[in-house]
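Analysis of the macromolecular model
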Amino acid sequence: MLPARNRMTRSSEFGATVKYGTRAAQPDVVVHVRRASDQDAGAGPQVGLIVGKSVGSAVERHRVARRLRHVARTVLSDLDPSDRLVIRALPSSRQASSARLEQQLRRGLVRSSRRAGTGR
């Protein structure tokens, strides 16, 4: 489970991250990363999930969301405190293992940071 301070809850934060952040598509997930301004920076990086109905039934969507939250928790230490991360699950994420999801998330973070010029 993600700590409460690291959960993205406002739709405006989701929208800004997806619209203005850098995007890196992977086979099972799409990673959107945006560095917030100093005034928006909170106590740490924030992570949000988008798991749409195309992923499957409610049970399957919740299962994918739980695995993504667990995977996102492992990369929190790699993020800057002002980073905002949105992970969009694609339908193929339903069959992906947690290890594969973590690998794709890390690869997506590296690709998006290169595009943004923040080199991690």
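Rules used in this analysis
- Residues numbered from 1 in each chain as written.
- Predicted model: local features only at pLDDT ≥ 70, side-chain atom pairs only at ≥ 80, totals over all residues.
- Heavy atoms only, no water.
- Patch = residues over 30% accessible without salt bridge, like charges linked within 9 Å, V, L, I, M, F, W, Y side chains within 5 Å.
- Areas by Shrake-Rupley, 256 points an atom, 1.4 Å probe, with all protein chains shown as cover.
- Salt bridge = Lys/Arg side-chain N within 4 Å of Asp/Glu carboxyl O.
- Lys, Arg positive; Asp, Glu negative; His and termini not counted.
- Charge placed at Lys NZ, Arg CZ, Asp CG, Glu CD.
- Helix = DSSP H or I, 4+ residues; strand = E, 2+ residues; numbered from the N terminus.
- Buried < 20%, exposed > 50% of the residue type's maximum accessible area, 1.4 Å probe, protein only.
- Core = buried A, V, L, I, M, F, W, Y, C linked by side-chain atoms within 4.5 Å.
- Contact = heavy atoms within 4.5 Å.
- Pairing = 2+ DSSP bridges.
- Axes fitted to C-alpha atoms, helices over the stretch in contact; angles between N-to-C directions.

Let us look at a positive patch on the surface. Together, R23, R107, R111, R114 and R115 give the surface a local cluster of positive charge. Element by element, the count of residues in the positive patch is highest for helix α3 (residues 98–116), at 4 residues. Mapping R23 onto the fold places it in strand β1 (residues 22–25). Under the relative-accessibility criterion, R23 is labelled partly exposed at 47%.

V31, V47, L68, L85, I87, L105 and L109 are the most contacted members of the largest nonpolar core, which totals 20 residues. Mapped onto this core, the elements with two or more residues apiece are β2 (29–35), α2 (58–75), β4 (83–89) and α3. Not counting chain neighbours up to four residues away, the residues in contact with L68 comprise V29, L49, V51, I87, A89 and L101.

Sheets are built from strands paired through backbone hydrogen bonds, the pairs being either parallel or antiparallel. Across the sheet, which stays open at both edges, the 4 strands sit in the order β1-β2-β4-β3 with mixed pairing between neighbours. If you trace the sheet from one side to the other, it starts and ends with β1 and β3 (46–51), each paired once. Here the average twist between neighbouring strands, direction ignored, is 15°. Relative to β4, β3 runs parallel, the two being bridged by 6 bridges. Following the sheet pairing, I50 is matched in β4 by R88. Those strands touched by α2 are β2, β3 and β4, and its axis lies near 155° from that of β3.

This brings us to the pairing of β2. The buried fraction of β2 amounts to 5 of the 7 residues, a majority that puts the element mostly inside the structure. As paired strands, β1 and β2 are joined by 4 bridges and run antiparallel to one another. Counterpart to A24 in the pairing with β2 is V31. The antiparallel hairpin formed by β1 and β2 contains 3 residues in its connecting segment. Here β2 runs beside β4; their pairing, made up of 7 bridges, is antiparallel.

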